[in-house]
Amino acid sequence: MKNLQKGDKKLLNAWAFYDWANSVYTLTIASAVFPIFYEALFSDRDHYIDVFGLHLKNSALISFITAFAFLVVSFISPLLSGIADYVGNKKSFMKFFCYLGALSCMGLYWFDLDNIYAGLLFYFLGLLGYWGSLVFYNSYLPDIAFEEQQDRISAKGYSLGYIGSVILLVINLAMIMKPKLFGISGTDGEAAMKAMRYSFIMVGVWWIIFSQYTYYYLPKGSKETGQKLTRSVIFNGFKELKKVWALLQKNIPLKRYLGGFFVSSMAVQTVMLVATYFGAQEIQWSSKEESTIGLIICILIIQLVAVIGAVLTSRASSKWGNIPTLIVINIIWAIFLCLAFFIILPIHFYVMATVAGFVMGGIQALSRSTYSKLLPETEDTASFFSFYDVAEKIGIVIGMCVYGIIDQITGSPRAAIVILAVFFVTAIFLLRRVHKKDVPN
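Computed from a prediction, not measured in an experiment: that's the story for all the values here. (Residues numbered from 1 in each chain as written. Predicted model: local features only at pLDDT ≥ 70, side-chain atom pairs only at ≥ 80, totals over all residues. Heavy atoms only, no water.)

(A) Up close: the overall build of the protein. Looking only at helices and strands, one finds 16 helices and two strands in the protein. The C-alpha radius of gyration of the protein comes to 22 Å, within 12% of the 22 Å expected for a compact globule of 441 residues. In terms of overall dimensions, the protein has a C-alpha envelope of 60 × 55 × 40 Å along the principal axes. Looking at the 441 residues of the protein, the share that counts as buried comes to 54%. Considering only intrachain contacts with a sequence separation of at least 6, the fraction spanning at least 24 residues in the protein is 82%. Put simply, the protein has 36 plus and 27 minus side-chain charges, and the middle of one group is 8 Å from the middle of the other. (Helix = DSSP H or I, 4+ residues; strand = E, 2+ residues; numbered from the N terminus. Rg over C-alpha atoms; globule rule 2.2 N^0.38 Å. Buried < 20%, exposed > 50% of the residue type's maximum accessible area, 1.4 Å probe, protein only. Contact = heavy atoms within 4.5 Å. Lys, Arg positive; Asp, Glu negative; His and termini not counted. Charge placed at Lys NZ, Arg CZ, Asp CG, Glu CD.)

(B) Structural detail: the nonpolar core. In terms of nonpolar packing, the biggest core is built from 143 residues, with Phe 34, Trp 333 and Tyr 371 touching the most fellow members. Among the elements that make up this core, the one with the highest residue count is helix α11 (residues 252-282) (14 residues). Those residues in contact with Trp 333, other than ones at most four positions away along the chain, are Val 268, Val 271, Ala 356, Val 359, Met 360, Ile 363 and Phe 424. (Core = buried A, V, L, I, M, F, W, Y, C linked by side-chain atoms within 4.5 Å.)

(C) Structural context of helix α8 (residues 188-217). Relative to the 44 Å expected for 30 residues at 1.5 Å per residue, α8 spans 44 Å between its end C-alpha atoms, a close match to the ideal helical length. Residue Ser 211 marks the point of greatest curvature in α8, where the axis turns by about 30°. (Expected span 1.5 Å × (residues − 1). Bend = angle between axes of the 7 residues up to and from the residue.)

(D) Structural view of the packing of helix α12 (residues 288-320) against helix α14 (residues 346-374). It is the contact of α12 with α14, at a shortest axis distance of 6 Å, that shows an interaxial angle of 40°. Note that α12 runs across α14; the crossing there is right-handed. Per-class residue counts for the contact of α12 with α14 are 18 nonpolar, eight polar and one charged. (Axes fitted to C-alpha atoms, helices over the stretch in contact; angles between N-to-C directions. Left-handed = near helix turned anticlockwise from the far one by under 90°. Nonpolar A, V, L, I, M, F, W, Y, C, P; charged D, E, K, R; others polar.)

(E) Seen up close, unusual backbone geometry. One non-glycine residue, His 47, lies in positive phi territory at about 70°. As for its placement among the helices and strands, His 47 is situated in the loop between α2 (33-41) and β1 (48-51). Among the residues examined, His 47 registers a relative accessible area of 25% and is labelled partly exposed. Positive phi outside glycine occurs at Phe 52, with the angle close to 55°. Tracing the backbone shows Phe 52 in the loop between β1 and β2 (54-57).

(F) Up close: a nonpolar patch on the surface. On the surface, a cluster of nonpolar side chains totalling about 510 Å² of accessible area is made up of Val 328, Ile 332, Ile 344, Leu 345, Ile 347, Val 351 and Val 355. Looking at the nonpolar patch, the elements with two or more residues in it are α13 (322-340) and α14. The element that contributes the greatest number of residues to the nonpolar patch is α14, accounting for three residues. Residue position: Val 355 is located in helix α14. (Patch = residues over 30% accessible without salt bridge, like charges linked within 9 Å, V, L, I, M, F, W, Y side chains within 5 Å. Areas by Shrake-Rupley, 256 points an atom, 1.4 Å probe, with all protein chains shown as cover. Salt bridge = Lys/Arg side-chain N within 4 Å of Asp/Glu carboxyl O.)

(G) Highlighting the side chain of Asn 322. Mapped onto the elements of the fold, Asn 322 is located in helix α13. Among the residues examined, Asn 322 registers a relative accessible area of 2% and is labelled buried.

(H) The packing of aromatic side chains, seen in detail. As enumerated under the stated definition, the model contains 42 aromatic pairs in all. With centroids separated by 5.4 Å and ring planes inclined at 75°, the aromatic side chains of Tyr 213 and Tyr 217 adopt a geometry described as edge-to-face. A residue pair is termed a helical-turn pair when its members lie 3 or 4 positions apart in one helix, as Tyr 213 and Tyr 217 do in helix α8 at four residues. For Tyr 213, a relative accessible area of 34% gives the class partly exposed. (Phe/Tyr/Trp six-rings, centres within 6.5 Å; stacked < 30°, edge-to-face > 60°.)

(I) Structural view of the environment of Ala 353. Summarising the element assignment, Ala 353 is placed in helix α14. A residue is classified by how much of its surface remains accessible, and Ala 353, at 5% relative accessible area, is buried. Taking C-alpha positions, Ala 353 is 9.3 Å from Leu 300, a pair spaced 53 residues apart along the chain. Here Ala 353 is in contact with Cys 298, Ile 301 and Ile 302, once residues within four sequence places are set aside.

(J) Layout of the pattern of salt bridges. Tallied over the full model, the rule gives two salt bridges. Residue Asp 407 pairs with Lys 57 through a salt bridge whose shortest N-O separation is 2.8 Å. Here Lys 57 lies in strand β2 and Asp 407 lies in helix α15 (residues 381-410), a separation of 350 residues in the sequence. Classification of Lys 57 as buried rests on a relative accessible area of 2%. Linking Glu 282 and Arg 414 is a salt bridge whose minimum nitrogen-to-oxygen distance equals 2.8 Å. With Glu 282 in helix α11 and Arg 414 in helix α16 (residues 413-431), this pair connects stretches of sequence that are 132 residues apart. Assigned by exposure class, Glu 282 and Arg 414 land together as buried.

(K) How the structure looks around the packing of helix α4 (residues 90-107) against α8. Direction vectors running N to C along α4 and α8 enclose 160°, while the axes themselves pass 7 Å from each other. Regarding the angle of α4 to α8, the classification is roughly antiparallel. The way α4 lies across α8 gives a crossing that is left-handed. Each of Lys 91, Met 94, Lys 95, Cys 98, Tyr 99, Gly 101, Ala 102, Leu 103, Cys 105 and Met 106 in α4 lies in contact with α8, whose residues at this interface are Phe 200, Ile 201, Val 203, Gly 204, Val 205, Trp 207, Ile 208, Ser 211, Gln 212, Thr 214 and Tyr 215. For the contact of α4 with α8, a count of residues per class yields 14 nonpolar, five polar and two charged. (Parallel < 35°, antiparallel > 145°, perpendicular 65-115°, else oblique.)

(L) Fine view of the state of the cysteines. Scanning the model with the defined rule gives zero disulfides in all. In this structure Cys 105 is not part of a disulfide, and its nearest cysteine sulfur, from Cys 98, lies 9.9 Å away. (Disulfide = S-S within 2.5 Å.)

(M) Representation of the pairing of β2 in the model. For β1 and β2, the ladder comprises four bridges, and the chain directions are antiparallel. Along β2, the bridge assignment pairs Val 51 with Leu 54. Between β1 and β2, which pair antiparallel in sequence order, lie two residues; one of them, Phe 52, sits at a positive phi of approximately 55°. (Pairing = 2+ DSSP bridges.)

Right under this line is the structure:
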């Protein structure tokens, strides 16, 4: 069809709708159903498996695979950014990673311990597909929306993603709780496991089907004629990161802030990725059914409360400033993780999930907006945010490796959780070096 003009309502809505399509991955695969399914596979194996020539604990293994995936993502993101900036067919690149991620999610249906390498490969490729498609998706924003439209349409995308992912998760939860109502046969345990496998297929199908609306309206790329893909183009993203690094040496407040953000992000992102595994292993659920339902409910609580937390944090930062508010949130996180060492009952986990939701939504939203306020006067904001994203992903790599190593050595994630609290304490001291007056309200 004929390309719509920049700023066209149909074009903007189509772009935002991709969040509806792909956010089911982060909620069902990364946070809720897959971690529960993965843990259930080890219910009669004492949580250990021989893989890659090592005797690894299951949660440590998935931590290392996740860390490796983010390491690859942190490397290819600048490459993809360089391609996205110069090549006219970036919709094809976006589709490739979208379908890679969606088909990999569907491949998780066959995940079992007898074919552990194939299962881990599907998990790895799912992560790669999700984050790879986001590079091109995000790069479309300045192409399809005028500056005054970008905040609104970006927020709309997040809202659609939240609604869509929760809808599918609720459907999956119903399938897992009452599998026989959906025609899923077997004993209660077998039927629930089948329902989880079906949910992986549903994620992939949902992602592919609903993304078609986005692809129908999105233009081929920012430059319809395209440019030849050269070595210079491919490595342009790394050149931009190098340029930002040089500029940071002259911007002391921003450099100091990034140090605090980097350390804090290590812990926040790691907690988000391992929370379900921790709950499945360390909380004394009365039955497998209670464990499955309870963990998914906790994820839903976090999703709901995170929205409220983001709003309250925004108001607090308006009154007291970004840096003081971030310091308080990091203090809450540090105390939270120290207390998490002692929790054993489901009610404890529900309370902690509520607290985590408040501070999770707040710290993510405020961290990005604080970074934006500290940027120098420049039109090259894309490069600065690319640097921000790469720093965040490298932080995840370090955080997941630290968590996995401690979990493997001690045999329990409790000690790893306390070590993550040290990251927040370190972030507090680093953020105190940023003066309140350096961050405009």
